[in-house]
Structures are given as C-alpha cells and as structure tokens.
Amino acid sequence: MIEPYYDVVIVGTGAAGLFTGLSLPKHLRILMITKDDVENSDSYLAQGGICVLRSDEDYDSYFEDTLRAGHYENNREAVRIMIQESPDIIRRLISFGVEFEHRGDELAYTKEGAHSVCRILYHKDVTGQEITGKLISCARKRSNITIAPHTAMADLILQEGRCTGVIVRQEGKAITTVSSKAVFLATGGLGGLFANSTNFRHITGDSLALALRHNIELENIHYIQIHPTTLYSHREGRRFLISESVRGEGAVLLNPAGQRFVDELKPRDVVTEAIRREMDKFHSPYVYLSLAHMPKEQIIHRFPNIYERCLEEGYDLSKDRIPITPAQHYLMGGIRTDSFARTSCGHLFAVGEAGCNGVHGANRLASNSLLESLVFARRGAAYLASCIDSIPHPPAPVFTGLTAYADPEARRREDRELILNEIKRRDEQFYDKWCNDEN
C-alpha cells in the first residue's frame, strides 16, 4: 500500500532509478513506482555492455571516442566525470553481485562501434538484465524502499517553485497524491511513441511531457538515436535489437546484392544512414547482417539470447544472413540537468535517459548509456543526501481536480502530440524522416 508521504519518490525502476535508491541513505523512506512490471525497463534489455576506464593511459582515447561519436557537442565536464568515476561504479556493481565475463582471473573486455580499444565489460549478451536484475534484488531487500509496480505518474506536484511530490494512478485504485521532499525522474526515453523502436511500448516520454506542461527546461529532445541493426520482423511490438557487440566481434553488413557497403564499426548514426541508403537503393525494407566467420559454438556462448531469438524467426545466426533494419533506440536529449542531476525545478532530479547533462552530445557512443545512468544517479543521490535534512516537509497538497486525470488514454494522446510537436519544432527534417507516421 502506498502511503501519503515519503522522503523521496523515484519514478522508474531501471538502472538509474534503482541505483539512485541504493545510493541514498538507508534511513530515508523511499517510494519507487513504475507503470509496468518492475523488470520491464529498457535498462533490463541492454545487451552489449558497460564502458569503463581501464587505465589512466586510456583516458584521452576514451574521452576522444565519446566526443567524436557525439559530434563534439558533448558537455566535456560531464564526459570527464563519467569516465573518471567509471572504475568505482564497476566496483560498486560487483559489490551488489553483478557478474561480468572473465578470461581466467581477469575481466574480459569487448569492443563496439566507434571505440578505439576494447573497454566494454559484459555478461554474455544480456548485460542489462544482469545489472538491473541484481539491483532489483538488492532494492527489494532494503526495508526503507517500497516498490510499487503498475503505478503510473499522472503529474508532478509543484509548490512555490519546487517539486513536492507526484500524483499517481494505481491499477484498479483511485488517483491519489504522494508528498515528498524530492522526486527523481528515471522514466527512460520515448521509444513507445515510435512505430519501430527497441524500447518497451509503455516507455512514452512521460517526464518530457510533464516538463513541457510545467515549463521545466529541456535539452535537445530532438537528439534521438536510431539504432542501425534491429531484427526485421512482421510481428508487431518492440523491435529486437541485434547488439552492436555482434559487429564488434566481426559481423558484416551486406546489401540485397550480397555486397558489403560500410565500415560496421563507425558511429551508429553513420551506419544507420548507410543502411538507409542501401534500403532505398534496392527498394528493400532491410539489409543483411552476417556472422558466418564465427564458429557456431562461439556464437552460442557469446550471444545466446540473440542466437535463440533469431532462431525463433527462422534464422540460424551461424550460417544465415539475418535481415536487419534501423529502429528508434535512445534519447540523447531530455530534461536539462547539471552534473548532480538537478533540473530547473527545485528538488526535482532527472537521471538516466530521462535527463540530459550533455554527456552524449548529438549521438551516443556505444555502451556509455548504462555507465552514464549510474554515475549521475549516484551523484544526484549524494547531493540530495547532503542537504535533505534541511529540506522542510512539504505542505499537504490540496487538490479538487483529480478527476482531470481520470482518462489516461486522452492524456497519453495529448502527451504524444506535445512531445512530437516539440521534436518537429526543433528538427523538422528528423521529424519527417523518423517521426511522421505517413513516412
């Protein structure tokens, strides 16, 4: 049962939200809500891995790789923080029970597109499931953390220029209010607004819509990454990602004529545009990916989940060319935040894909997403911990119009129009190419 007051409310149970909760002091009463099952976050779906600074000698290279992928539009201070804090984040994950692949006694590293060296830790091809699953397990053991699935955030409660809680809608229950000293938005991106996306369908940019409704500052919400390689399928619903780590292990892209047409390890936006050109050239809804150079036993060991999913569609990754097509994948923009995840609204934080501190620039470097989420979630939690005792308990909100939230479908349609219109306003060319259903 959800109570009317908590010290902190966290909206979202992906890696960023969970790490925030686990990084806050244990004496704080924390409510975590998610509008679907606890495990159904995009963090849980992440296949490839998580980046880490392997040594001081790798710093300049890692920094440059991140900036080059981001078209040098990155916030350099945020990049510095992310890279320098990455080893401690990995140590913290291991302390939570996260298991990464090893070669003998040493951690194993792989390489993905736009990386100059191998610096990505992984767990088979289900790294996000391993990390998020262990964080969920740890959060459930914390007596100060209440996790409420199937509970949606209908609105923010704003009083005197600061956030003092949320309005929530629980399945089968009345709409109600929850007061708190601070709120963390960890709601993920906006893939559910797209016809083709690797995201869960329920991840629809809820935090972005509320930011637009309440004049909370946004940053580059038109910077949306289209992943080049998702499994082409006639099935409706979420597109299945073929991880960039498959190309990192040597897979090649072939057009319908069987010709290789691009360096597969270039940044994602470059590879996506090359694929789109070949699809237009051959009037085909897909191109092919081939991993034929790798022995079947090695494929099954390295990519068991991807191998099984391809088999379900009738393709054997060890010998067949796999039809792939681009799909929406990740939001580099979001609610504008500083290096402590603070937004332009007092006591409101945004972490993970919902927030934008500028670390990714205009295009995210592969496997920086999980790392960025964890680094700045922890920083936001540390900042709040340093000052929460001085934050007064919020006054009880007085609402007479909760019935205004009674029609969630109408609200979702309004939110979708708000977000897509803002994307169109900022980048009409991108909107016409990827957001306009008529195209």
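Residues numbered from 1 in each chain as written. Predicted model: local features only at pLDDT ≥ 70, side-chain atom pairs only at ≥ 80, totals over all residues. Heavy atoms only, no water.

Novice: Outline the overall build of the protein, supporting the account with residue identities and numerical values.
Specialist: For the protein, the count of helices and strands is 13 helices and 18 strands. Here the C-alpha coordinates of the protein stretch approximately 65 × 55 × 40 Å along the principal axes. With 439 residues in all, the protein has 60% of them scored as buried. In the protein, of all internal contacts separated by at least 6 residues, the share reaching a separation of at least 24 is 72%. Summing over all exposed atoms, the protein offers an accessible surface of approximately 17,900 Å²; the carbon and sulfur share of this is 46%. (Helix = DSSP H or I, 4+ residues; strand = E, 2+ residues; numbered from the N terminus. Buried < 20%, exposed > 50% of the residue type's maximum accessible area, 1.4 Å probe, protein only. Contact = heavy atoms within 4.5 Å. Areas by Shrake-Rupley, 256 points an atom, 1.4 Å probe, with all protein chains shown as cover.)

Novice: Got a sec to walk through unusual backbone geometry? Specific residues and values, please.
Specialist: Even without being a glycine, Ala114 presents a positive backbone phi close to 75 degrees. Mapped onto the elements of the fold, Ala114 is located in the loop between strand 5 (106–107) and strand 6 (120–121). A positive phi angle, close to 50 degrees, is found at His283, a residue other than glycine. Tracing the sequence through the fold places His283 in the loop between helix 8 (268–282) and strand 14 (287–290).

Novice: So what's going on with the nonpolar core? Residues and values would help.
Specialist: Of all hydrophobic cores here, the largest spans 62 residues; its most connected members are Val8, Ile50, Leu93, Leu135 and Leu384. Tallying contributions element by element places helix 11 (residues 369–387) first for this core, with nine residues. With 38 residues, the next largest nonpolar core counts Val9, Leu190, Ala211 and Phe430 among its residues. (Core = buried A, V, L, I, M, F, W, Y, C linked by side-chain atoms within 4.5 Å.)

Novice: Break down the environment of Ala396 for me, with residues and values.
Specialist: With respect to the helices and strands, the residue Ala396 is situated in the loop between helix 11 and helix 12 (408–426). As for Ala396 and Ser179, which are separated by 217 residues in sequence, their C-alpha atoms are 6.9 Å apart.

Novice: Explain helix 11 to me, using residue names and the numbers behind them.
Specialist: For helix 11, with 19 residues, the first-to-last C-alpha span of 28 Å sits near the 27 Å given by 1.5 Å per residue. Among the 19 residues in helix 11, 15 count as buried, and that is most of the element. (Expected span 1.5 Å × (residues − 1).)

Novice: Please set out the sheet that holds strand 15 (residues 322–331) residue by residue, giving values where relevant.
Specialist: Spatial strand order, 12-15-14-13: four strands in an open sheet with antiparallel pairing. Edge positions in the sheet fall to strand 12 (224–231) and strand 13 (252–254), since each has one partner strand and no second. Averaged over all pairs of adjacent strands, the angle between strand axes in this sheet comes to 45 degrees, irrespective of strand direction. In the packing of helix 8 onto the sheet, the strands contacted are strand 12, strand 13, strand 14 and strand 15, and the crossing angle to strand 12 comes to about 60 degrees. (Pairing = 2+ DSSP bridges. Axes fitted to C-alpha atoms, helices over the stretch in contact; angles between N-to-C directions.)

Novice: Lay out the sheet that holds strand 18 (residues 355–356) in plain terms, naming residues and giving numbers.
Specialist: Pairing in this open sheet of three strands is mixed, and the strands run 11-16-18 from one edge to the other. Two strands lie at the open edges of the sheet, namely strand 11 (218–219) and strand 18, each paired on one side alone. In the sheet, strand 11 pairs with strand 16 (residues 334–336) via two bridges, with the strands oriented antiparallel. Paired with Glu219 across the two strands is Gly334, which belongs to strand 16. Most of the contacts of helix 6 (residues 206–214) go to strand 16, to which it runs at about 45 degrees, and overall it touches strand 11 and strand 16.

Novice: Which residues make up the packing of helix 3 (residues 59–69) against helix 4 (residues 76–95), and what values do they have?
Specialist: Between helix 3 and helix 4, the shortest axis-to-axis distance is 10 Å and the interhelical angle comes to 135 degrees. Relative to helix 4, helix 3 is oriented oblique. When the axes of helix 3 and helix 4 are compared, the crossing they make is right-handed. Between helix 3, through Tyr59, Tyr62, Phe63, Thr66 and Leu67, and helix 4, the contact on the second element is made entirely by Arg76, Val79, Arg80, Met82, Ile83 and Gln84. Tallied by class, the residues present in the contact of helix 3 with helix 4 amount to seven nonpolar, two polar and two charged. (Parallel < 35°, antiparallel > 145°, perpendicular 65-115°, else oblique. Left-handed = near helix turned anticlockwise from the far one by under 90°. Nonpolar A, V, L, I, M, F, W, Y, C, P; charged D, E, K, R; others polar.)

Novice: Describe the side chain of His227, with residues and values.
Specialist: Residue position: His227 is located in strand 12. Separated by 3.1 Å, the side chain of His227 and the backbone nitrogen of Thr229 make a polar contact. Setting aside its immediate chain neighbours within four residues, His227 contacts Leu241, Ile242, Glu244, Arg247, Arg268, Thr272, Thr325, Pro326, Ala327 and His329. (Polar contact = N/O pair within 3.5 Å; in protein donor to acceptor, adjacent residues only side chain to side chain.)

Novice: Which residues make up the pattern of salt bridges, and what values go with them?
Specialist: This structure, assessed with the given rule, holds 31 salt bridges. A salt bridge links Asp88 to Arg378; the nearest nitrogen and oxygen atoms lie 2.6 Å apart. Of this pair, Asp88 sits in helix 4 while Arg378 sits in helix 11, placing them 290 residues apart in sequence. Counted as one network, the salt bridges with shared partners bring together Asp58, Glu64, Asp65, Arg68 and Arg119. (Salt bridge = Lys/Arg side-chain N within 4 Å of Asp/Glu carboxyl O.)

Novice: Which residues make up the side chain of Asn255, and what values go with them?
Specialist: In this fold, Asn255 is placed in the loop between strand 13 and helix 8. Looking at Asn255, its side chain comes within polar contact range of the main-chain nitrogen of Ala257, at 2.9 Å.

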